[in-house]
Amino acid sequence: MGISGFKPSFLVGIEAVRQAHGSRLAMLAGRRLTGFALVRFVEDGDWFADCPVVLDIEGLQVEICHSKLDELSIGWNTIDTAAAITGWEWFELTPQWSHSDERLEPFVGQELREVALLEWRPADHDLAAGTVAVEFAFTEGCLRIVNGLDENRIEIGAAQPDYIRHRLGR
């Protein structure tokens, strides 16, 4: 993707994600969201949802990226959002890091109360069954980064009832 420092390590399933990142995610509770970064195209401002969502939580950078139908990569302090994104000369649009997003901006400055992993388990068969989302519960609302079936999707507010919440203890 041409993103400086981005070396995804994709995991599949709730247990693999919890084992690899659960305790570190839980330790984010009590800190404030101080910033974020998304990749947008210069020409039209559209979010390129295939690239990681980067959250800065008081100096700890968590980098979340979904891929395929069931893969999730969580990175820590590896992506340089000040560096230009390279290798896109062949494409008609130019990606760049953006620190602007109307969904994320209201959470900046808020204290993170809890982080949970959410497992999609609908009653009926669903291609997305078993995908894992990361939920950040702030003092005034929730933010989730979920699998949008081969890309990231950002959701705010209450989670859909088909998610099973796996709380991460401190």
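Right above here is the structure, for reference.
Residue indices begin from 1 for each chain and proceed along its sequence in written order. Reporting of local features is limited, given that this is a predicted model, to residues whose pLDDT is at least 70; pairs of side-chain atoms are given and counted only at 80 or more, and all residues count toward the totals for whole chains, interfaces and linings. Here the side-chain values reflect all heavy atoms present in the structure, with hydrogen atoms and water set aside.

Undergrad: Can you explain the sheet that holds strand β8 (residues 132–138)? Please cite residues and give values.
TA: Here five strands make up an open sheet; going across it, the order is β10-β9-β8-β7-β11 and the pairing antiparallel. The open sheet is flanked by β10 (152–156) and β11 (163–167), the only strands paired with a single partner. Along the sheet, successive strands turn relative to each other by an average axial angle of 25°, direction set aside. Working rule for contacts: check all heavy atoms of both residues, and any pair within 4.5 Å makes them a contact. Axes, fitted as lines to C-alpha atoms, cover a helix only where it is in contact. Angles between the N-to-C directions of the axes lie from 0 to 180 degrees. Helix and strand definitions here come from DSSP, where helices need a minimum of 4 consecutive H or I residues and strands a minimum of 2 consecutive E residues; each element is numbered from the N-terminal end. Strands β7 (112–120), β8 and β11 of the sheet are contacted by helix α1 (residues 14–26), whose axis makes an angle of about 175° with β7. Strands are labelled as partners when DSSP assigns at least two bridges between them.

Undergrad: Explain the pairing of strand β4 (residues 60–67) to me, using residue names and the numbers behind them.
TA: Remark: exposure states derive from per-residue accessible area (1.4 Å probe, protein chains only) relative to the maximum for the residue type, with buried under 20%, exposed over 50%, and partly exposed in between. Within β4, seven of the eight residues are buried, leaving the element largely enclosed by the surrounding structure. Inspection of the sheet shows strand β3 (residues 53–57) paired to β4 by five bridges, in the antiparallel sense. Counterpart to Val53 in the pairing with β4 is Ile64. Between β3 and β4, which follow one another and run antiparallel, lie two residues, and Glu58 among them has a positive phi close to 45°. Across six bridges, β4 lies against strand β5 (residues 71–76) in antiparallel orientation.

Undergrad: An account of the pattern of salt bridges is needed here, citing residue identities and associated values.
TA: Opposite charge on two side chains makes pairing possible when the charged atoms of those side chains draw close. Salt bridges are defined by distance alone: a side-chain nitrogen of Lys or Arg within 4 Å of a carboxyl oxygen of Asp or Glu. According to the stated counting rule, one finds ten salt bridges in the structure shown. Here Glu114 makes a salt bridge to Arg167, at a shortest N to O gap of 3.0 Å. Residue Glu114 is located in strand β7, and its partner Arg167 is located in strand β11; the two are separated by 53 residues in the primary sequence. Since its relative accessible area comes to 23%, Glu114 is described here as partly exposed. By relative accessible area, Arg167 is classed as exposed at 58%.

Undergrad: Describe in detail the environment of Ala82, supporting the description with residues and values.
TA: Along the chain, Ala82 falls in the loop between β5 and β6 (95–98). Separated by 49 residues in sequence, Ala82 and Thr131 have C-alpha atoms that sit 31 Å apart.

Undergrad: Describe the sheet that holds β6, with residues and values.
TA: The strand order across the open sheet built from six strands is β1-β5-β4-β3-β2-β6, with neighbouring strands paired in antiparallel fashion. Whereas interior strands pair on both sides, the edge strands pair on one side only; in this sheet they are β1 (11–12) and β6. With four bridges joining them, strand β2 (residues 33–41) and β6 adopt antiparallel strand pairing. Note on β6: the bridge partner recorded for Leu38 is Ser98. Across the sheet, α1 lies against β1, β4 and β5, angled at about 30° from β5, the strand it touches most.

Undergrad: Go over the environment of Asn152 with me, naming the residues and quoting the values.
TA: Along the chain, Asn152 turns up in strand β10. Not counting residues within four places of it along the chain, the set of residues in contact with Asn152 comprises Trp47, Ala49, Asp50, Cys51, Pro52, Val53, Ile64, Cys65, His66, Ile145 and Val146. Throughout this description, a polar contact denotes any pair of N or O atoms lying within 3.5 Å of each other; where both atoms belong to protein, one of them has to be capable of donating a hydrogen while the other can accept it, and for residues adjacent in sequence the pair is counted only when both atoms sit in side chains. Polar side-chain contacts of Asn152 include one of 2.8 Å to the backbone nitrogen of His66.

Undergrad: Can you tell me about the packing of aromatic side chains, naming the residues and giving the values?
TA: Planes of paired rings set the category: under 30 degrees apart is stacked, over 60 is edge-to-face and the rest tilted, where pairs are Phe, Tyr or Trp rings (Trp by its six-membered ring) whose centres lie within 6.5 Å. Applying the stated criterion across every chain, the model contains nine aromatic pairs. A ring pair is formed by Trp88 and Phe91, whose centres lie 5.3 Å apart and whose planes are at 80°; its orientation type is edge-to-face. For Phe91, a relative accessible area of 25% gives the class partly exposed. Within the aromatic cluster, the residues linked to one another by ring pairs are Phe41, Phe48, Trp88, Trp90 and Phe91.

Fair warning: the whole summary comes from geometry, so function is off the table for now.
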